[in-house]
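# Coordinate inspection notes
One-letter residues, chain by chain:
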Amino acid sequence: MAETKSTCPYCGVGCGVIIQHDGARVIEVRGDPEHPANFGRLCTKGSTLHFTARPESRLLYPELRTSKGEARARVSWDVALDTAADKFASVIREHGPDAVGFYLSGQLLTEDYYVFNKLAKGLVATNNVDTNSRLCMSSAVAAYKQTLGADAPPCSYEDFDHSDCMLIAGANPAFAHPIAFRRIEAAKAARPDMKIIVVDPRRTDTAASADLHLAILPGTDIWLFNAMLHVLLWEGYVNMPWVREHTEGFEALRQVVRDVTPAVAAGICGVPADDIIKAAKWWGEAQAPLSLWCMGLNQSHHGTHNGTALIALSLALGKIGAPGCGPFSLTGQPNAMGGREVGGLSNLLSAHRDLANPAHRAEVAALWGIESVPEKPGYSAIELFEAVREGKVKALWIACTNPAHSMPQQALIREALEKCEFVVLQEAYANTETAPYADLQLPALTWAEKEGTVTNSERRITHVNAAIPGPGETRADWAIARDFALKLGEKLGQPDAARLFAYPTAESVFLEHAESTRGRDLDITGLSYTLLDERGPQQWPFAAGASEGATRLYADGKFETASGKAQFIVPATSLTSEAIDARYPLRMTTGRLRDQWHGMSRTGKAARLYSHVDEPRIDLNSSDLDRRSIADGDLVRVKSRRGSIVLRAHATEEVRPGHAFIAMHWGRNVLSSSGVNELTLNKVDPHSKQPELKHAAIQIEKI
Ligand code: SF4
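Remember, predicted model here, so these are calculated numbers, not experimental data.

Reading guide: rules and limits
- Residues numbered from 1 in each chain as written.
- Predicted model: local features only at pLDDT ≥ 70, side-chain atom pairs only at ≥ 80, totals over all residues.
- Helix = DSSP H or I, 4+ residues; strand = E, 2+ residues; numbered from the N terminus.
- Rg over C-alpha atoms; globule rule 2.2 N^0.38 Å.
- Buried ≥ 20, exposed ≤ 12 C-beta atoms within 10 Å, placed from the backbone.
- Pairing = 2+ DSSP bridges.
- UniProt positions renumbered as here; feature names shortened; annotations may be inferred.
- Expected span 1.5 Å × (residues − 1).
- Bend = angle between axes of the 7 residues up to and from the residue.
- Near = placed C-beta within 6 Å.
- Nonpolar A, V, L, I, M, F, W, Y, C, P; charged D, E, K, R; others polar.
- Domains from an automatic or database assignment.
- Contact = placed C-beta atoms within 7 Å.
- Axes fitted to C-alpha atoms, helices over the stretch in contact; angles between N-to-C directions.
- Parallel < 35°, antiparallel > 145°, perpendicular 65-115°, else oblique.

## Details of the overall build of the protein chain
Scanning the protein chain for helices and strands turns up 25 helices and 28 strands. A globule of 703 residues ought to have a C-alpha radius of gyration of about 27 Å, and the protein chain, at 24 Å, matches this closely. By principal-axis analysis of the C-alpha atoms, the protein chain measures approximately 70 × 65 × 55 Å. A total of 703 residues make up the protein chain; the buried ones form 61% of that total.

Structural data, given as structure tokens:
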């Protein structure tokens, strides 16, 4: 039996795996003991990966339909790509380059992302390329950029081993990042004096393990963080000499938080004032305070300011860049970081460059050897589907993601996909919720079958390898994008396409990407596949000539902002984008289960992963069930202002009275034709354009 090193394709912890295989099939998976993200450990999802690597349920051949309503039929790759190129070229010629769009995924490898971005921004000349990372990390990105000047998490997992006070907000790592959580548990066991504070409306497994659980009302995080800063000021914990030397904007924020007393915040957040004071004192007294956050903060219509308000707590103490200190976002997807590194959002360019910056556009044009990169911002994820619905975008290419499950306000997404003139779906799996809308489906390789790189939450890049060949006629995502680009170049009469997309291997794409980072904050000119294989996964920056990457950033108190100083931001003070009322009296939040991942296209294939939770359900406090004469296990219709779904009621004290929780994973199923995103709304954060997937007001009725 042969062994090949790769990473787990699920969460942003980015655990290393060793795939045991016979050259044709994956036989077993175990944790890679040499990988610094997990040192050999795997959670239930990672350790059952071999059960999911089966050809059944895979999309094996290109399939095309010639008119809407027809069934798709198998075609050759040549016919498939020729048809797609014809259609895209005719839309571009008739309506301009902004009439096409690309919607990608944080599950693509960095090389895949790079080629798609160059295809859109360098060949087609549109910035209409966005990804499901917009639904995941874009608020954290905006928060980092506003405060620290760059999209760069400053910490490492090893900071868990040094921190003496951990503030975990809007995250449930016990379920969503289990191996990271085990490291937190180990740190607590080794140093019982370490304080763990968890901010979450639910009593999750993470919250249950905390020294202090602040069960706040959804959408009130900023008030809590502002009140903690109020206490830090009042009690004299703020490191004013450091703040004066290394930051700007503190005075304006101080004016705002002056009135946000613990008593005021307690009334808004629904937690006792004494607990807010206790949390702030623990934070202020800590030698190494570390904050962790995830979707509970990001997926909000003020997600960016959730992040900036949390980061302010680290800056106020001057505790950043040292062991155990700082603000640390946990990435939701395996390679959302890598996608951003190559500019995989409609407002970004390669190597953390900004589309709005003319010098950055000129640099990318020079790197690619093209006249210019288009200036007009592209559509973000929600805007893209709205533009499709309005007929402004007529041809849409979707790769490695399932928007008919994962986007909010599903009714609008379905309408957009139905109206779109031409939908290409590049997928590893057949029969996703998005498949019925595809005019052309292209079969892609997936985990264990493809080569490239991924970057995890702590900026660590791993070279992943192909262990087995893909089934049927599946191809690598970057190669599909390259082959389409070559065809499209011919159709558009652009001889440059052959030069722009002359990539023989994934490594050739990586080397071009690495060169694009030269001199940037994430400079990885010192990395190559060979170095990553010989010395193992590395953190960026890792510039040419460096002997190792950076464990932490900003230790010198210099930041990536224009002034070199970190910025305090006066945050928004709005609450959730949808308030409860008499008709919709329950606060619904969404989140992950321990043993499922995203839309279950992979985890749903492993029977063992249903032993934790075996069907879709709505978690409610037993008092809310009693009040409505609903029994545990009854079927209920769950309604929001946008739609309804049917679920089984599950009584639990993890959820407070007046609250409800529905997992994000289940889509179409025996109980309902759609998942929780039938209920969510598409209100977005003005800075990050990230939608508020975490919360909606709902009602329930017994069926
Ligand atoms: Fe995979 Fe995340 Fe589990 Fe690690 S913690 S094995 S990356 S799902």
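## With respect to the pairing of strand S12 (residues 289-293)
The element S12 is extensively covered by neighbouring structure, given that five of its five residues are classed as buried. Residue alternation in S12 divides its side chains into two sets, Pro 289, Ser 291 and Trp 293 and Leu 290 and Leu 292, and both sets are buried. Pairing between strand S8 (residues 165-169) and S12: five bridges, direction parallel. Within the sheet, the bridge partner assigned to Leu 167 lies in S12 and is Ser 291. Alignment of S12 against strand S13 (residues 326-329), held across four bridges, turns out to be parallel.

## Details of the UniProt feature "domain: 4Fe-4S Mo/W bis-MGD-type" (unreviewed entry) in the protein chain
Within this structure's numbering, the places UniProt gives as "domain: 4Fe-4S Mo/W bis-MGD-type" (unreviewed entry) are residues 1-57. Helix makes up 14% of residues 1-57 and strand 32%, whereas the separation of the span's terminal C-alpha atoms amounts to 25 Å.

## Details of helix H4 (residues 110-124)
Between its terminal C-alpha atoms H4 stretches 20 Å, which fits the 21 Å expected from 15 residues at 1.5 Å a residue. In the structure, H4 departs most strongly from a straight axis at Lys 118, where the bend amounts to approximately 25°. Burial runs high along H4: 15 of the 15 residues are buried. Once H4 ends, the next one or two residues include Ala 125, with phi positive near 70°.

## Re the site of the ligand
For the ligand, the set of nearby residues contains 14 residues, the closest of which are Cys 8, Cys 11, Cys 15, Cys 43 and Gly 46. Where the shell around the ligand is concerned, the elements lending two or more residues are helix H1 (44-47) and helix H7 (178-190). Among the residues forming the shell around the ligand, the class breakdown is nine nonpolar, four polar and one charged. Of the residues that make up the shell around the ligand, three or more belong to each of domain 1 (2-52) and domain 3 (138-330).

## Some thoughts on the sheet that holds strand S19 (residues 452-455)
On the basis of which strands lie adjacent, the open sheet formed by three strands has the order S19-S20-S21 and antiparallel pairing. The sheet is open, and its two borders are formed by S19 and strand S21 (538-539), each paired with just one other strand. By the bridge criterion, four bridges tie S19 to strand S20 (residues 460-464) in an arrangement that is antiparallel. Bridging from a neighbouring strand, Gly 452 pairs with Val 464 of S20.

## Side note on the domain arrangement of the protein chain
According to the domain assignment, the protein chain contains domain 1 (2-52), domain 2 (63-136 + 337-502), domain 3 (138-330) and domain 4 (586-702). Contacts between domain 1 and domain 2 engage 17 residues on the former and 12 residues on the latter. Counting residues per element, the ones that place at least two in the side of domain 1 that touches domain 2 are strand S1 (2-7) and strand S2 (16-21). With four residues, S1 is the largest single contributor of residues to the side of domain 1 that touches domain 2. Partitioned by chemical class, the residues of the side of domain 1 that touches domain 2 number seven nonpolar, eight polar and two charged.

## Let's talk about the packing of helix H9 (residues 221-234) against helix H11 (residues 250-257)
Contact geometry of H9 with H11 gives a least axis separation of 9 Å together with a crossing angle of 100°. In terms of their interaxial angle, H9 and H11 are classed as roughly perpendicular. Across the interface between the two elements, Asn 226, Leu 229, His 230 and Leu 233 of H9 pack against Arg 254, Val 256 and Val 257 of H11. For the contact of H9 with H11, a count of residues per class yields four nonpolar, two polar and one charged.

## A word on the pairing of strand S17 (residues 422-427)
A large share of S17 lies buried, amounting to six of its six residues. A two-sided burial pattern is seen for S17, the buried positions comprising Phe 422, Val 424 and Gln 426 on one face and Val 423, Leu 425 and Glu 427 on the other. Where S17 lies against strand S18 (residues 440-443), four bridges are found, and the strand directions are parallel. Bridge pairing in S18 links Gln 426 to Leu 442.

## Considering the sheet that holds strand S26 (residues 644-651)
If you trace the six strands once around the closed barrel, you get S23-S27-S24-S26-S25-S28, paired in mixed fashion. Ignoring which end each strand starts from, the neighbouring axes of this sheet average 45° apart. Across four bridges, strand S25 (residues 635-639) lies against strand S28 (residues 695-702) in antiparallel orientation. Of the residues in S28, the one forming a bridge with Arg 637 is Glu 701.

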